[in-house]
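Here is what each chain is made of, one letter per residue.
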Amino acid sequence: MKILVVEDEKGLAESIVDYLTKEGFICEVANTFWQADEKVSLYQYDCTIVDLTLPDGDGFGIIQTLKKIASTTGIIIISARNTLEDKIKGLEIGSDDYMTKPFHLSELNARVKSLIRRRNFGGNNDMIWREIRVQLQARNVFVSEKETLLSRKEYDLLLYFLSNIDVVLTKESIAEHLWGDHMDSADSLDMVYSHIKNLRRKILEKGGKDYIQSIYGIGYKFTAA
Amino acid sequence: MASLVIYLAVGIAFYWIIKYMIYDEIETRLKVEMQDFESFIRSHDTWNNNSYFVENKIEVMPVSGEYNHAVVFKDTLLQNRYDEGIGPFRQLTFYTIIGGVPHRVSIRKSMIESYKLIEAISAAMVTFLCLLMISMFMFQRRLSGKLWKPFYDTLSIIKEFDLTKKEKLQLPQSEVTEFSELDDVLKKMADKMQHDYKSLKEFTENASHEIQTPLALINARVEQFIQSRDLSESHTYWIEEIYHASRRMSRLNQGLLLLAKIENQQFTDTEDLDLVDLLKNKLSDFEDILTHKQIDVKMDLRSSFQIDMSPSLADILLNNILSNAIRHNYANGQLFLESDENFLKIGNTGNELKADPERLFERFKKESAGAESVGLGLAIVKQICDNYALEIEYTYHETIHSIGIRQEVKGLTG
């Protein structure tokens, strides 16, 4: 899976590439509009992450070029501009997602994966990890082939974990993933805790192992180790 | 109005002058007749009623006892000799001696003709004065309309002017010095306003980008860092602190930028919205946390709340009030949603307010020192309300904090 990261802030581009490479993606970076334009015309990518504000051009331009020559590429906008107009414009010209800076790398990773899944299989495939199987279309979860009933948030939480295996997820990033960033209260961290407790219990009940490891003070990690 | 009074006064004066002149004329003629009568008596020393005085009625009555020699004029109403009507007469009464006996003689002259004259003159005068007045009025209106036209043109252009748009203020050149000066001043003001608006807008956009990008970098680096397996407890603590600080800073930056944008009136897209409807939708976003804190929602939504407002601002407004009401609520508390025509109230149970309620809507005023809130939520709410001329009030009554929003109802005549 090839991903192009268009971002002028070198450090941020590096972080994204680092994170996504660990997740098994092949990443390339473009720091300027013209670099991006060239790469987009020469190579084929499964997903492109585009920053809107570039020193020598507007990210919207790259998206328009992409849509013309390679319409199957998934596009995620990452931008510091969080106006509704920008978001609407981004979606109108054909991007698939819009993330406002600062964002969590784990969230970006989850969205890239979900986008590629949707692009390649139309979402009509199963996600299997050890004894856990998730039917994405029907939103059903099976642990050791036994159907496990999860609430909507527990399902979202499990999917977020499965997209970020072996990665420490902060409580804040989980809370934001589940409820969006409008829920900026201490209560949401309590809720994360109780949802994780329930998810863990439900997986154990069906004979699964306890994969959720809590990292003191920071968050949680879904890991086989 | 003043001219109407003057016209009325002139009319009345005219009426009296004409009346005086007619009386004078009639009285002179009556006096001449009195002399005729006296000379007739002097030569004949007798009087019979079938005399040659045709037009006038002459009444001769013998008087006994005291009399004075005064000659008196008087208005009287008498039966007309020919028809049955009663007409006005002017009567001259004097005393004379006929055949050695004193007699009172009254000579009367009909004034019907004279009254008709007065009426005709008055009618003509009223008509002409009215015509004069109307034409003066029309003339002045047209004159002032023409004179003030550049002013009204300018006024209507200013009313249409929108400083958030790129078009500059275009005013027609006026020949009148005062108006062209006014136009120049207005143009300068509009240009300055547009320039300020634009630079503030650019500043908020730049500030947003320039601050959020390094924050994104800090966030990303911290996230990468926490993946390392050999973190000691103190390391985790420091990293957590850095992470929290950067998140708070990011939220603070977003809040302040939002405030600046609202103050700068950059949300120009408006739609006809029902806040009560939006509130109900918004409540479902908070469903999880309401269940989690076991907060009981009590709804008393009697009426819709229609308002012309930017949808994004309406969303922020309700979100901030609701999340505020939930954050300061305690477990097993209550949330009250109340609406009436042009009124919306969101209340919550909670601990007593320690701060001054007057200062609740100020920036960076927070009740609890919770690191999660940056203290801008209610300031943003207040700013949005100010932008849409909504009245906002905070009330505290028996452990229930409420925030009410009231829309001033514009009168039909206003």
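Just so we're clear, the structure is a prediction, and the values are computed from it rather than from any experiment.

The number of helices and strands found in chain A is eight helices and 14 strands. The C-alpha radius of gyration computed for chain A amounts to 18 Å, which stays within 12% of the reference 17 Å derived for 225 residues, consistent with globular compactness. Principal axes of the C-alpha set define a box for chain A whose edges measure 55 × 35 × 30 Å. Counting over 225 residues, chain A shows a buried share of 55%. A fraction of 58% describes how many contacts in chain A between residues 6 or more apart in sequence connect residues 24 or more apart.

All names here are of chain A. Spatial strand order, 8-9-10-11: four strands in an open sheet with antiparallel pairing. Looking at which strands have only one partner, the edges of the open sheet turn out to be strand 8 (126-129) and strand 11 (146-148). On average, adjacent strands in this sheet sit at an angle of 25° to one another, irrespective of strand direction. In the sheet, strand 9 (residues 132-135) pairs with strand 10 (residues 140-143) via four bridges, with the strands oriented antiparallel. Following the sheet pairing, R133 is matched in strand 10 by F142. Most of the contacts of helix 6 (residues 152-163) go to strand 9, to which it runs at about 115°, and overall it touches strand 8, strand 9 and strand 10.

Residues and elements named next belong to chain A. What the domain assignment lists for chain A is domain 1 (2-121) and domain 2 (126-222). Distance between the C-alpha centres of domain 1 and domain 2: 26 Å. Taken together, the nine residues of domain 1 in the interface contact 14 residues of domain 2. Between domain 1 and domain 2 lies a buried interface of about 830 Å² when both sides are counted; carbon and sulfur atoms form 46% of it. Counting across the interface, domain 1 meets domain 2 through zero salt bridges. Put simply, domain 1 and domain 2 have eight residue pairs in polar contact (both at pLDDT 80 or more) between them.

Turning our attention to the sheet that holds strand 10 (residues 390-397) of chain B. Residue and element names in this part refer to chain B. Read across the open sheet, the five strands follow the order 6-8-9-11-10; overall the sheet is mixed. Each of the sheet's edge strands pairs with one partner strand only, and the pair in question is strand 6 (296-301) and strand 10. Along the sheet, successive strands turn relative to each other by an average axial angle of 10°, direction set aside. Of the strand pairs in this sheet, strand 8 (residues 334-340) and strand 9 (residues 343-349) are connected by six bridges, and their pairing is antiparallel.

With 36 residues of chain B in contact, the opposing surface of chain A contributes 44 residues. Summed over both sides, the interface between chain B and chain A buries roughly 3700 Å², with carbon and sulfur atoms accounting for 55% of that surface. Applying the counting rule to chain B against chain A returns three salt bridges. Taking the shortest distance from any N to any O, the salt bridge between R247 of chain B and E176 of chain A comes out at 2.9 Å. Linking chain B with chain A are 14 residue pairs in polar contact (both at pLDDT 80 or more). Looking at the side of chain B that touches chain A, the elements that each hand over two or more residues are helix 3 (177-225), helix 4 (233-263), helix 6 (287-293) and helix 7 (311-327) of chain B. Residue composition of the side of chain B that touches chain A, by class: nine nonpolar, 14 polar and 13 charged.

For the peptide bond that leads from K101 of chain A to P102 of chain A, omega is -5°, which places it in the cis range. Its place among the elements puts P102 of chain A in the loop between strand 7 (97-100) and helix 5 (105-121). Non-glycine residue Q265 of chain B carries a positive phi angle of around 55°. Among the secondary structure elements, Q265 of chain B is positioned in the loop between helix 4 and strand 5 (271-274). Take Q265 of chain B: its relative accessible area is 44%, and that puts it in the partly exposed class.

So, on to the nonpolar core. I16, I132, V134, F161 and I174 of chain A are the most contacted members of the largest nonpolar core, which totals 100 residues. Residue contributions to this core peak at nine residues, all from helix 7 of chain B. Residues within four places of I132 of chain A in sequence aside, it is in contact with M127, V141, F142, V143, L158, L162, I203, Y211 and F222 of chain A. Grouped together as the second largest cluster of nonpolar side chains are 19 residues, M34, F37, L92 and I98 of chain B included.

Glancing now at a nonpolar patch on the surface. Where nonpolar side chains cluster on the molecular surface, the patch consists of L8, I12, Y15 and W16 of chain B and spans about 430 Å² of accessible area. You can see I12 of chain B is positioned in helix 1 (residues 2-44).

Scored by pLDDT, chain A has a mean of 89; 97% of the residues are at 70 or more. When pLDDT is averaged over each helix and strand of chain A, the minimum, 87, is found for helix 4 (residues 84-92) of chain A and the maximum, 95, for strand 2 (residues 26-30) of chain A.

This part covers the packing of aromatic side chains. Scanning the model with the defined rule gives eleven aromatic pairs over all chains in all. Here W129 of chain A and F222 of chain A contribute two aromatic rings whose centre-to-centre distance is 5.4 Å and whose plane-to-plane angle is 55°, an arrangement assigned as tilted. Here F222 of chain A lies in strand 14 (residues 219-222) and W129 of chain A lies in strand 8, a separation of 93 residues in the sequence. Across the pair, F222 of chain A and W129 of chain A agree in class, each one buried. Ring geometry for F151 of chain B against F179 of chain B: centres 5.9 Å apart, planes inclined by 35°, an arrangement best described as tilted. A residue pair is termed long-range when its members are at least 10 positions apart, and F151 of chain B in helix 2 (residues 112-160) and F179 of chain B in helix 3 qualify at 28 residues. Under the relative-accessibility criterion, F151 of chain B is labelled partly exposed at 26%. With relative accessibility at 13%, the residue F179 of chain B sits in the buried group. Cluster of aromatic residues (ring-pair linked, three or more members): W129, F161, Y211 and F222 of chain A.

The full count for this structure, using the stated rule, is zero disulfides over all chains. Free of any disulfide, C47 of chain A has its nearest cysteine sulfur in C27 of chain A, 9.4 Å distant.

Basis of the calculations
Residues numbered from 1 in each chain as written. Chains lettered and ligands numbered in written order. Predicted model: local features only at pLDDT ≥ 70, side-chain atom pairs only at ≥ 80, totals over all residues. Heavy atoms only, no water. Helix = DSSP H or I, 4+ residues; strand = E, 2+ residues; numbered from the N terminus. Rg over C-alpha atoms; globule rule 2.2 N^0.38 Å. Buried < 20%, exposed > 50% of the residue type's maximum accessible area, 1.4 Å probe, protein only. Contact = heavy atoms within 4.5 Å. Pairing = 2+ DSSP bridges. Axes fitted to C-alpha atoms, helices over the stretch in contact; angles between N-to-C directions. Domains from an automatic or database assignment. Buried area = accessible area lost by both parts, 1.4 Å probe. Salt bridge = Lys/Arg side-chain N within 4 Å of Asp/Glu carboxyl O. Polar contact = N/O pair within 3.5 Å; in protein donor to acceptor, adjacent residues only side chain to side chain. Nonpolar A, V, L, I, M, F, W, Y, C, P; charged D, E, K, R; others polar. Core = buried A, V, L, I, M, F, W, Y, C linked by side-chain atoms within 4.5 Å. Patch = residues over 30% accessible without salt bridge, like charges linked within 9 Å, V, L, I, M, F, W, Y side chains within 5 Å. Areas by Shrake-Rupley, 256 points an atom, 1.4 Å probe, with all protein chains shown as cover. pLDDT = per-residue confidence, 0-100. Phe/Tyr/Trp six-rings, centres within 6.5 Å; stacked < 30°, edge-to-face > 60°. Disulfide = S-S within 2.5 Å.

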